[in-house]
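# Chains, contacts and geometry: an overview
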Amino acid sequence: MQQRLKNRLGIMGWLGGGRYGMDRYAYALHRITGLGILAYFIMHIIVTGQRTGGVERWESTMAFFGSTPFKIGEFLVVLAFAFHAVNGLRLIFVELGWWIGKPGTPSFPYTYSTLRHRPLFIVFMVVAAVLMIIGGVDFYFVLK
Amino acid sequence: MRESRLWFWHILSAAVILVLLGIHMGIMHLGELLHMAGIGSGDPVDSSQVFGRSRQAVFMITYILLLGAGLFHGLYGLRSMFFELSLSKSLEKLVGGVLAVAGIALFLYGSYVAIVVYQMNGV
Ligand code: HEM
Ligand code: HEM
């Protein structure tokens, strides 16, 4: 009979790849949000270009994009922006070598830059979450 | 040398975008909350508001800056992703060229819009 292996990670396995650190998820999200914002931006340049047609053309354009699905799409851009901006600032700090500690002789208990940087990582993610919540509250009133 | 210079611009443009887009998103997506706090007058995409901003030189100039910084940053980011795929040198050149042409075209169009709408002086 075929042996069944235990699902060690359980439902958490859907959310996390086990030994992938949270930095790895931040990397993937940074990429996805960057591409998403870029796609939006290119369409945005064309759409806001309708302003050259004056008030009438602008209003008919906004009437088209004013429906709830488009509003939800815009809100996704707000969420993507909040994450990409805050995480991007964190990456700039890392690339400048700030708050990752100094290199030293490896001695027990071992530590490494990602680990030393983790408290700051968490603080930045909390800031991103707060921005998303503020954007969400505004969005709630927009829909209401 | 050229690659490290481009990368430096990628990081520098991020700092510029952080400020300009931060303000843009604040105007566009905190409108309701600001209105409740007594600032501004609600819907930021209402034509009176949109054309009221477009007639101001400060918006025209910062929009052109944001166009340049945003397009460079985003398209350079996309180019880096393509370059991670170990393309041949000639394919790399082609990708870089196509993205550069697309970026310049969008920049010119967006800047043209910002200037024309500025000159319409509010409609
Ligand atoms: C709000 C301010 C922003 C900041 C602080 C920021 C920061 C950054 C940084 C630091 C990187 C490099 C990551 C790395 O190589 O380690 C990056 C990558 C990228 N950004 Fe931004 N960015 C911002 C806005 C934008 C916008 C508006 C767009 C789209 C137009 C965008 C699109 C991208 C893309 C496509 C990448 C490449 C991602 C990758 O290689 O995985 N970013 N950003
Ligand atoms: C998702 C929410 C967004 C909304 C509702 C929004 C709305 C607008 C509106 C209504 C305008 C017309 C000018 C004005 O009213 O002052 C505009 C222009 C502009 N936006 Fe946005 N925007 C959003 C996101 C973005 C993002 C993510 C970027 C950059 C990556 C961006 C970059 C620009 C630029 C550069 C212009 C000027 C375009 C030109 O004059 O050619 N916007 N935006």
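Quick caveat: nothing in here was measured; it's all calculated off a predicted structure.

## Side note on the coordination of the iron atom of ligand 1
Surrounding the iron atom of ligand 1 are the protein donor atoms His84(A) (NE2) and His73(B) (NE2), which sit 2.0 to 2.1 Å from the metal. If you look at the iron atom of ligand 1, its six donor atoms make angles of 85 to 180° with each other, and the shape they trace is octahedral. Taken together, the residues His84(A) in helix 4 (residues 68-95) and His73(B) in helix 4 (residues 57-83) connect one chain to another.

## Looking at the pattern of salt bridges
All names here are of chain B. As enumerated under the stated definition, the model contains five salt bridges over all chains in all. For Glu3, the salt bridge is made with Arg2, and the minimal N-O distance between the two is 3.9 Å. For Glu3, a relative accessible area of 36% corresponds to the partly exposed category. Its salt-bridge partner being Lys89, residue Glu92 comes within 3.5 Å of it at the nearest N-O pair. One end of the pair is Glu92 and the other is Lys89, both in helix 5 (residues 89-119) and three residues apart, which spans about a single turn.

## Examining the interface of chain A and chain B
Across the contact, 32 residues belong to chain A and 37 residues belong to chain B. Counting the surface lost from both chain A and chain B, the interface buries some 3000 Å², and carbon and sulfur atoms represent 77% of this. Viewed at the interface, chain B and chain A are joined by one salt bridge. With its nearest N and O atoms 2.7 Å apart, the salt bridge here joins Arg31(A) to Glu84(B). Counting every contact that joins chain A to chain B gives six residue pairs in polar contact (both at pLDDT 80 or more). Within the residue set of the side of chain A that touches chain B, elements represented by two or more residues are helix 2 (22-48), helix 3 (54-65), helix 4 and helix 5 (113-143) of chain A. Sort the elements by how many residues they give to the side of chain A that touches chain B and helix 2 of chain A lands first, with ten residues. Partitioned by chemical class, the residues of the side of chain A that touches chain B number 20 nonpolar, six polar and six charged.

## Description of the site of ligand 1
Around ligand 1, 25 residues are found, and the nearest of them are His30(A), Arg31(A), His84(A), Glu95(A) and His73(B). In this structure, ligand 1 is bordered by residues of chains A and B. Between ligand 1 and Arg31(A) there is a distance of 2.6 Å, counted from an oxygen atom to a side-chain nitrogen or oxygen. His84(A) is positioned such that a nitrogen or oxygen atom in its side chain is 2.8 Å from a nitrogen atom of ligand 1. Sorting the residues of the shell around ligand 1 by element identifies helix 2 and helix 4 of chain A together with helix 1 (2-29) and helix 4 of chain B as the ones contributing at least two each. When residues of the shell around ligand 1 are assigned to their parent elements, the largest contribution, eight residues, is made by helix 4 of chain A. Split by residue class, the shell around ligand 1 holds 14 nonpolar, nine polar and two charged.

Reading guide: rules and limits
- Residues numbered from 1 in each chain as written.
- Chains lettered and ligands numbered in written order.
- Predicted model: local features only at pLDDT ≥ 70, side-chain atom pairs only at ≥ 80, totals over all residues.
- Heavy atoms only, no water.
- Donors = N, O, S within 2.8 Å, 3.2 Å for Na, K, Ca; no water.
- Tetrahedral: all angles 85-135°; square planar, octahedral: opposite > 155°, others 65-115°.
- Helix = DSSP H or I, 4+ residues; strand = E, 2+ residues; numbered from the N terminus.
- Salt bridge = Lys/Arg side-chain N within 4 Å of Asp/Glu carboxyl O.
- Buried < 20%, exposed > 50% of the residue type's maximum accessible area, 1.4 Å probe, protein only.
- Contact = heavy atoms within 4.5 Å.
- Buried area = accessible area lost by both parts, 1.4 Å probe.
- Polar contact = N/O pair within 3.5 Å; in protein donor to acceptor, adjacent residues only side chain to side chain.
- Nonpolar A, V, L, I, M, F, W, Y, C, P; charged D, E, K, R; others polar.
- Near = heavy atom within 4 Å.

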